Every structure is written in C-alpha cells, then in structure tokens.
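Descriptive analysis of the structure
Listed below are the residues making up each chain.
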Amino acid sequence: MSIADIELMKSMNMNAARMSHYPPAKHFLEECDRLGLLVLDELAGWQAPAYDDTIAPGLVREMVIRDVNHPCILAWDNGNEGGFNYTVDDDYALWDPQNRKVLHPANWESELTGNVRTHHYATYTQVTNYLGAGKPVFMPTEIQHGLYDGGGGAGLADHWNAMRVAPNSGGMFIWALLDEGLVRTDQGGAIDVANEAAPDGIVGPYREKEASYYTVKALWSPVQITAPDPATFTGALAVENRFDFTSLNQCTFRWQLGWYPDPTDPTNALNAGFLAAVDSGEFAGPAVAPAGSGLLNLNLPGNWATYDALRVIATDPYGREIYTWIWPLHGPASIRSRITQVATVNQPVITAGVNGAQLSITNGPRVFRFDLTNGRMISSSVSNASVSLSNGPRPVAGTWTITNVTHGLNGGEYVINVNDVTSAADGFQWRVRSNGWVNLRYRYTLTGTQTWFGVTFDYPEANITAMRWLGQGPYRVWKNRLPGQEVAVHYKTANNTDTGKQWGFPEFRGYHGQLNWATLNTTQARI
C-alpha cells in the first residue's frame, strides 16, 4: 500500500507528501527514499493543547532518531494547527546532524518559523499578498480543502498559477490525499464519512480516482503544451518545461492521429472514444532546459488535417506517463455536418396538421408535436415509442416575449419560426428535416450579471439510464475546474453519486465542456 500510494501521488505529478497528524509507517519512508518523494515528517498531534514539556522532548527524540537517516525528509513539523510546543523547536537539531528546518503547520498570518509561512487556507488575496520578492517563503502545508467534488482541484489553477511564478513560493500541500471513513458493520459495510466532517480527498477511500485527480495531474504536469488552434495549426506545438532539473530531451513524446466515432457508429468503435490510426510517431523532446520554452515539431504526415483529433503522450526519463492530451483538429461544425448529413433520398414526405394550439409534424415513423402559442416542443415519438422531451426551448434565466409564431414547409423542411431568430432580441427556429433530424437555432439576449444562461427542456430524470457524448470527460467540470478532462467519446451510466459520500464514478449529473454531441439512453427511446 505504501508503494501504491506513492505511485498514485507521482502519477498526479506530485513530488512531496506531508505526514499530517499521524506518525508515518517506517516502510512508507523507506519507499519514499527509493521511489523519490519528498516528505514533511510530523510530530503527531492536532491543535491545542500541544504536548507539554514533559512529553514533547521524548517524542521528538524518538521520532528524529528513528527517521533521521531518511533522505526523503525535507523538514520536520512540530505539531499542527496550534498543537506545537515552541520549547522543543531546538530539540530536533540535537538528534539531526543535518539540522533540517522545523516548521509549524498552519502558523497563521502573524507567525513565521524559520522564515517560512505555512498559513492554512489563506484567502486568494492573502496568498497573493504573501507572494513576492523579498518576502518570507510561503509554503501552505494545507490548502485547497478537498470537500466533496471540489476534491482539491477546484480553484487550484488560480492559486497554482500565482504560486508557480513567485520567487518566494515553496509549493503547496493539498488537503487531503484520500477520503477517510469508518466501515459500518451495522450499516451493511457502508463507509460512514459523517457528511463533511471526515477528511475528503482527491481520491476515494479505496483510491478511486475523482475528477480532481485529473485536474491536479494536468496542472502539476512538468510538461505543459499549448492546445493547437485548428485555424492556424501546422504541426508544431508550443511547449514549456516546468521541471527543476530535467531537460525535455530526456523525455519522450508520442503522437497519434485519429477519428472520433459518430453516435450512430454500428461497430464497437463507440467504446474506443478515440480511434488511433496507423499514423503515429515517437521522438525525444527538444533541448528545452528547465524553466524554458520551445516548440514540439511533430513531423506529422501531409494528410494530418483529414483526421478529427491529435493525441500527444509525454513520458519522463523513467518511462512514467506525465500526461496525455487529446485535441480536436476541427471545429464542431464539421463533426455536426458529418453526423447529420445522412442520405436524403427515399426519405418519407413530411406532413403536418394543426389541432387547436398543437402542431403535429409527421416524417415517416417520427412524429413531433409543438405548442403554437410559444413554439415549444410538447413531445415526440419514433415508431410509436414516445419521447417525453418537452417544454423547450425556454430560457434558464430571464424571460422571452413571444410576438409571433409562423410555420410551414420550406424546400422539403418544415420550419417553425418564433419571432425572428436573425434580428429579434430573443427568438428561435425549428427545422424538421426530411432525413429525420430536427435542427434548433436560438438567439438569446441577457444584460447584467447572471448565474446561468442558456436554454433548457423538461425530461423525467428517472427515465435516463446512460449517456454517451463527444466532449470533455468522462468526469464533469466546473468553471473553476476545467483542466484534466480530455475531448473524446465518453460513456457513463446513470447514478446518484454524491461525491465524498459515495464513490460510483464518474458522477452522472454535471456539466461537460466542449460538448459536440450527446445521446441519452432512456427507458423510452434514445435521444
């Protein structure tokens, strides 16, 4: 387990661990020596009162004598969050010939130990105020408190980007690595985490990877590659070296070109997510020194632009995967056109009928129903299988004023116009196409600060069994946790996972960036 946890941390591009609250197992320190992980070794304890002058000296002596010869130990922690006895600060040097620094984890704003500030959970403004030339080293020994789906990754980019470039930054320690709870035999073996009271980590209690695992891995990657702009990309990628000692020519890079499966692909290609083609290559990185920048010249084949996506894998000198990126090479329009341009020959004729305020449009086995008072979809069916997608589009913020609804056949399509989608402040247009696809365009105007914007529909959540989509995934993203989810075809089954309480990943509910298409498997029909 020691080896597995160290490998887990290193796979996230971490290079240090703090032994908070508990004495570390000796084998963990031995493996940190062997595998290469820096350690803050801590006098076990938590908050007040600190060990007194009778107990503390003996504990310091035992701890240092036991652990002193481990090269992984970067510094000693004398207690935690108020649980430090200042009178034994100088006792560590009695037993440590290296005289490593002694820190007080969570010394608050006014306190320093050895010219190091370790303030826990400083606000972002406090963090930026602590950073700068000529100021004490700032190394928060706890930050990014990982409650629930925050998991240490939410907001990490803001803090890390500020700390990474500061001359007095000593790095940071995310609280905590893993969820901790008690197995309740009186509750059928459930893990009781006492809601938010128990430590909630980047991974689950059995090291289940949560979304923030991938965010940390992406942000702390010592190799950073700028995503290509499809409009200007010619085969070279901007790369930055954030190693301290390693040149990028010691690393290996692999590229692969491939296609994204379409939602109607009849083969098992949908389960691949990204289809790597025969076009691939591997090369040593450029001679970019630590803290330097340069270009990765991939030497792609001449037909690279015919592919959907580019995947790049970076590995370190020891063969460890640093990170894998997947970037679309074209905009969503090209994928949309490929999916929706099914054959139009021998397609059923579109017919329509009005019954009161309801418009029904029939296209072979497909029937679509709309409300003529507001243009919203009422329901639909395919081969008599009902689909209860309804009451949309409607705005999630603000209101739309409907001034007119018109409808009729137009060049083989049935078109419903609600206001003028090209000029009105708010409006939308339905186009029921002869090949069975329904196109929705909308125009939406808001002013001022809004929590949300966009349009929505109603559908019974209990009917949904799974989703497959092309976009970021397989985990959800938030506005302050976008990195780490790559663009591919992903699949997940419906669940009610409440991150930090259950560990059925990936969680079903949530937001997915860079969405191209999605299909919902339901108890009625596929949407």
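Structural data are supplied above this passage.
The text that follows walks through the structure, step by step, so that each part is easy to find. Here the structure is a predicted model, which is why all the values come from computation and not from measurement.

Right, let's get into the overall build of the protein chain. Counting its secondary structure elements, the protein chain contains eight helices and 29 strands. Expressed as lengths along the three principal axes of its C-alpha atoms, the size of the protein chain is roughly 90 × 55 × 45 Å. In the protein chain, which comprises 527 residues, the proportion classed as buried is 50%. The long-range fraction of contacts in the protein chain, counting pairs at least 24 apart against all pairs at least 6 apart in sequence, stands at 59%. Within the protein chain, one finds 37 positive and 49 negative side-chain charges whose respective centroids are separated by 10 Å.

Overall, antiparallel pairing links the four strands, which are arranged β22-β23-β24-β25 in an open sheet. Each of the sheet's edge strands pairs with one partner strand only, and the pair in question is β22 (405–410) and β25 (438–443). The mean inter-strand angle of the sheet, taken between neighbouring strand axes irrespective of direction, is 15°. Where strand β23 (residues 413–418) lies against strand β24 (residues 427–432), five bridges are found, and the strand directions are antiparallel. Looking at the pairing, tyrosine 414 lines up with valine 432 of β24.

Let us look at the pairing of strand β27 (residues 464–473). With nine of its ten residues buried, β27 lies for the most part within the structure. Relative to strand β29 (residues 517–522), β27 runs antiparallel, the two sharing six bridges. Across the sheet, alanine 466 pairs through a bridge with asparagine 521, a residue of β29. Bridge count between β27 and strand β28 (residues 486–493): eight bridges; the pairing is antiparallel. Within β28, the residue paired with glycine 471 across the bridge is alanine 488.

Taking 1.5 Å per residue, twelve residues should reach 16 Å; helix α3 (residues 56–67) reaches 16 Å between its end C-alpha atoms and fits that length. Among all positions of α3, only Ala56, Val60, Met63, Val64 and Asp67 are buried. All buried residues of α3 project into a common sector of 90° when viewed along the axis, lining one side. In the core, the buried residues of α3 are packed alongside α2 (26–35), β2 (38–42), β3 (73–77) and α4 (92–95).

A word on the nonpolar core. Judged by nonpolar contacts, the single largest core of 46 residues is most densely connected at Met12, Leu156, Ile202, Val216 and Trp220. When contributions to this core are tallied by element, the ones reaching two or more residues are α1 (2–11), α2, α3, β3, α5 (124–130), α6 (156–164) and α7 (211–219). With sequence-adjacent residues up to four places away left out, methionine 12 is seen in contact with Leu177, Ile202, Tyr213, Val216, Lys217 and Trp220. The next biggest cluster of nonpolar side chains, apart from the first, holds 27 residues, and it includes Leu257, Phe283, Leu298 and Leu329.

Take the pattern of salt bridges next. Between side chains of opposite charge, pairing is possible as soon as their charged atoms come close. Overall, the coordinates contain 23 salt bridges when judged by the stated rule. Its salt-bridge partner being glutamate 240, residue arginine 242 comes within 3.2 Å of it at the nearest N-O pair. One continuous salt-bridge network, built from bridges that share partners, spans Arg18, Glu42, Asp77 and Glu142.

Strands sit in the order β28-β27-β29 across an open sheet of three strands; the sheet is antiparallel. Two strands lie at the open edges of the sheet, namely β28 and β29, each paired on one side alone. Averaged over all pairs of adjacent strands, the angle between their axes in this sheet comes to 10°, without regard to strand direction.

Our focus in this paragraph is the packing of aromatic side chains. All told, the structure shown has 19 aromatic pairs when counted by the stated rule. Look at tryptophan 478 and tyrosine 511: their rings are 5.6 Å apart centre to centre, the planes differ by 65°, and that puts the pair in the edge-to-face class. Taken together, the residues span a long stretch of sequence, with tryptophan 478 in the loop between β27 and β28 and tyrosine 511 in the loop between β28 and β29 at a distance of 33 residues. Clustering of aromatic rings is evident, with ring pairs tying together Tyr213, Tyr214, Tyr475 and Phe505. Seen from the ring of tryptophan 95, arginine 61 lies directly overhead, with NZ or CZ sitting 5.1 Å from the centre.

This brings us to a nonpolar patch on the surface. There is a patch of nonpolar side chains on the surface, built from Ile65, Leu94 and Trp95 and spanning about 290 Å² of accessible area. Structurally, isoleucine 65 can be placed in helix α3. Since its relative accessible area comes to 43%, isoleucine 65 is described here as partly exposed.

Moving on to the pairing of β2. Counting buried residues in β2 gives four out of five residues, a clear majority hidden from the surface. Note that strand β1 (residues 16–18) and β2 share three bridges and pair parallel. Residue pairing for β2: arginine 18 is matched across the bridge by leucine 40. Crossover connection from β1 via α2 to parallel β2: handedness right-handed. In terms of strand pairing, β2 meets β3 through four bridges, oriented parallel. Residue pairing in the sheet places valine 39 in a bridge with isoleucine 73 of β3. On the question of chirality, the crossover connecting β2 to the parallel β3 by way of α3 is right-handed.

Rules of the game
Residues numbered from 1 in each chain as written. Predicted model: local features only at pLDDT ≥ 70, side-chain atom pairs only at ≥ 80, totals over all residues. Heavy atoms only, no water. Helix = DSSP H or I, 4+ residues; strand = E, 2+ residues; numbered from the N terminus. Buried < 20%, exposed > 50% of the residue type's maximum accessible area, 1.4 Å probe, protein only. Contact = heavy atoms within 4.5 Å. Lys, Arg positive; Asp, Glu negative; His and termini not counted. Charge placed at Lys NZ, Arg CZ, Asp CG, Glu CD. Pairing = 2+ DSSP bridges. Axes fitted to C-alpha atoms, helices over the stretch in contact; angles between N-to-C directions. Expected span 1.5 Å × (residues − 1). Arc of directions from axis to C-beta. Core = buried A, V, L, I, M, F, W, Y, C linked by side-chain atoms within 4.5 Å. Salt bridge = Lys/Arg side-chain N within 4 Å of Asp/Glu carboxyl O. Phe/Tyr/Trp six-rings, centres within 6.5 Å; stacked < 30°, edge-to-face > 60°. Lys NZ or Arg CZ within 6 Å of the ring centre and 35° of its normal. Patch = residues over 30% accessible without salt bridge, like charges linked within 9 Å, V, L, I, M, F, W, Y side chains within 5 Å. Areas by Shrake-Rupley, 256 points an atom, 1.4 Å probe, with all protein chains shown as cover. Right-handed = clockwise from strand over helix to strand, strands pointing away.

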